[in-house]
Amino acid sequence: MPCLRPRSLISSGPPMFYLTTAIDYTNSAPHIGHAYEKVLADVIARYHRLRGDEVFFLTGVDQHGQKVQQSAEKQGVSPHDFVKQTTLRFTTLWEKLGIQYDSWAETTDPRHKDCVRAILTELRDQGQLYKKAHSGSYSVRQEQFLQDRDRDEHGNFGPEWGEVIEIQEENWYFKLSEHTDWLKNLLESTPEIITPAFRKSELLNALEKNSGLDLCISRPKERLQWGIEFPFDENYVTYVWFDALINYISFAGYKSAGNPTLPDFPTIWSQRPVHLIGKDILIPAHGIYWLCMLHAMGFSDAQMPRLLVHGFWNGLGGAKISKSTGNVVDPDALADKFSVEALRYYLIRDITTGRDAEYDIDRLVMLYNTELANEFGNLCNRALNMSQRFTAGTLQIGSDLTEDDLALQQSLTSTLADYRAAMDDFEISKALEAVNRHVVHCNRYAENMKPWELNKNPDNRPRVATVLYHLAESVAHCAVLLSPALPSVSAKLAEQLRLPHLTTLHLADLKWGLIPSGHTIGTPTPAFPRIVIEKES
Ligand code: MSP
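Computed from a prediction, not measured in an experiment: that's the story for all the values here.

Cut-offs used in this document
Each chain has its residues counted from 1, following the order in which its sequence is written. Restriction of local features to residues with pLDDT of at least 70 applies here, the model being predicted, together with a cutoff of 80 or more for giving and counting side-chain atom pairs; totals for whole chains, interfaces and linings are based on all residues. Excluding hydrogens and water, the side-chain figures rest on all heavy atoms present in the structure. Starting at the N terminus, helices and strands are each numbered in turn, a helix being any DSSP run of H or I of at least four residues and a strand any DSSP run of E of at least two. The globule rule used for comparison is 2.2 Å times the number of residues to the exponent 0.38, while the radius of gyration itself is calculated over C-alpha atoms. Burial here depends on accessible area, computed with a 1.4 Å probe over protein chains only, as a share of the maximum for the residue type. Under 20% is buried, over 50% is exposed, and the range in between is partly exposed. Two residues form a contact once any of their heavy atoms are found within 4.5 Å. The term polar contact refers here to a pair of N or O atoms within 3.5 Å; inside protein, the definition further demands a hydrogen-donor-capable atom paired with an acceptor-capable atom, and it admits residues adjacent in sequence only when both atoms are side-chain atoms. A pair of strands is treated as paired once DSSP finds two or more bridges between them. By convention in these notes, a residue is near a molecule or strand provided one of its non-hydrogen atoms lies within 4 Å of it. All accessibility values rest on the Shrake-Rupley procedure with a 1.4 Å probe; residue burial counts only the protein chains present in the view. Each residue gets one of three labels, nonpolar for Ala, Val, Leu, Ile, Met, Phe, Trp, Tyr, Cys and Pro, charged for Asp, Glu, Lys and Arg, and polar for the others, Gly among them. Reported domain spans reflect what an automatic or database domain assignment gives. Each of two parts loses accessible area, computed with a 1.4 Å probe, when they are put together; buried area is these two losses added.

Draft legend 1. Layout of the overall build of the protein chain. Scanning the protein chain from N- to C-terminus turns up 18 helices and 18 strands. Taken over the C-alpha trace, the protein chain has a radius of gyration of 27 Å; the compact-globule value for 537 residues is 24 Å, and the two agree within 12%. Projecting the C-alpha coordinates of the protein chain onto the three principal axes gives extents of approximately 90 × 60 × 40 Å. When the 537 residues of the protein chain are sorted by exposure, 55% land in the buried category.

Draft legend 2. Quick look at the environment of Asp-356. In this fold, Asp-356 is placed in the loop between α12 (340-349) and β16 (357-358). Sequence-wise, Asp-356 and Val-237 are 119 residues apart; in three dimensions their C-alpha atoms are separated by 36 Å. In this view, Asp-356 contacts Lys-279, Gly-311, Phe-312, Asn-314 and Ile-351; residues no more than four positions away in its chain are not counted. Looking at Asp-356, its side chain comes within polar contact range of the side chain of Lys-279, at 2.7 Å. Side-chain polar atoms of Asp-356 contact the backbone nitrogen of Phe-312, separated by 2.7 Å.

Draft legend 3. Representation of the sheet that holds strand β10 (residues 218-220) within the structure. A sheet is described by the order of its strands in space; here 3 strands give the open sequence β10-β12-β11, paired in antiparallel fashion. Strand pairing shows two members of the sheet lacking a second neighbour, β10 and β11 (229-230), which therefore form its edges. Note: β11 against strand β12 (residues 233-238), 2 bridges, orientation antiparallel. Opposite Phe-230, over in β12, you have Asp-233 as the bridge partner.

Draft legend 4. Just the site of the ligand, in detail. By nearness alone, 24 residues border the ligand, and Ile-23, His-34, Glu-37, Asp-62 and Asp-280 come closest of all. Between Tyr-25 and the ligand, the recorded distance is 3.0 Å, taken from a backbone N or O atom to an oxygen atom. Residue Gly-278 places a main-chain N or O atom 2.9 Å away from an oxygen atom belonging to the ligand. Its free accessible area being 660 Å², the ligand has 94% of it covered by the protein chains. Residues of the shell around the ligand, tallied by class, amount to 12 nonpolar, 8 polar and 4 charged.

Draft legend 5. Structural view of the domain arrangement of the protein chain. Domain boundaries in the protein chain define domain 1 (16-310) and domain 2 (359-520). Put simply, the middle of domain 1 and the middle of domain 2, counted by C-alpha atoms, are 43 Å apart. When the two sides are added together, the surface that domain 1 and domain 2 hide from each other amounts to roughly 1,300 Å², 73% of it contributed by carbon and sulfur. Contact with domain 2 buries area across many residues of domain 1, yet Val-43, Tyr-47 and Leu-50 alone supply 49% of it, more than any other trio.

The following block contains the structure:
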């Protein structure tokens, strides 16, 4: 469960790494897309902890809005009870998948509501909000007024908008149009605001189309009650997106007046934070509304978040995962069937961050069995079991190193550099590929050195020990490098190696010689049991 670090521990020492994900809608159960985003964020957060950064990882749920109100009505329960129930499905799943967040955002939390209200009041006082009547087409599904630019080539509103109705109503607006020129300049001058870089032009095009439009940020209570009431107009609640985006600052302690249950905002936001989101919510929500909202609140260019935009998991053939196509994947069932480790590994290994991928259960099984059960599992087995059998579990390195030994050490050095560069760029799959390359190198080394043959002659004992030391040292390094992706297996390997410090060391400490010569390891047990699929008869 969420652990909020005491302020005293968030010191001015190591760099602050503040990471958030999108908060998930609670109108339905978590699916594979939600699980991907959470696992990806967890791996990034764990990697930064490994680097020694001071990490604050916030995630949570989006509990307001029309969809929740409608789903609750359908079930005949109050929206409050409904979101309590669905939120529990998310928290239970994140616990099962080992998602280690530092704080949890729920938009019905009174601390969040206070923050949203304080921002509304401040923006109104600064003349950033106004009220006006508007008549037009409204998408019930997307909970927003539509513009002509939202029509398709035939002049119709496409199916993505769901039911579209004509309504006239008075609402509160945010002067978005006053900030779009600033935003264009920011995007041009500060490329790191958006990753991957190819998303920048999409955003600039959208800004061009959006020019001159303000953002409707209220919903009349006659239509929607399940939202945050305006502090200065009790007939209105806040538009779900305006409310939800603010979670990134409300739970970081913004305008919390020293509330001790929230962190210190200037500390948390002292470096550019990273917002991990899916490609569908870049435009307009995060890429336009959110950045302009922050600008209106007085955030400087240096304080603007970095938007890290991931791609989508689709069904085979690129089909969108949706209830209507019947290809919704339940991550909870997958974890039960194949293990949490196999699911975590697949979700970050078989996709390039920023691009889409096609979900394929055969590939999940193949990748786990090939790279973990066969390659890494085999290496662990060789290193640990043979050490038990041939050297009574004691690892000793000799002084006469061969070219093969030095080549293995060199492979480890370059793996470390490749891993680090890839992880710093959020390229998780590439980093895992680098680790796998070293594992393959080690298995080839074992096959060439043949310690099981060498051991037949007692004169070779020192050489056998040196070979096994090289394999075990590689296992120790790989266990650390894989710890962001596979934390529990990594801890298990540290235990088998009887090297508890592997679970707390920093990346900079990862140098040849993690295992002191003369060290005795514990009892090995298989870390990666093979997935066996029963053939249906
Ligand atoms: N509640 C809003 C976000 C508010 S953030 C202030 C929302 N929720 S969502 O439940 O629809 O989506 C949550 C996250 O899951 C989004 O980042 C979205 O892009 C991501 N995904 C939803 N489907 C996905 C896939 N099929 N694949 C990968 N990620 C996907 O939007």
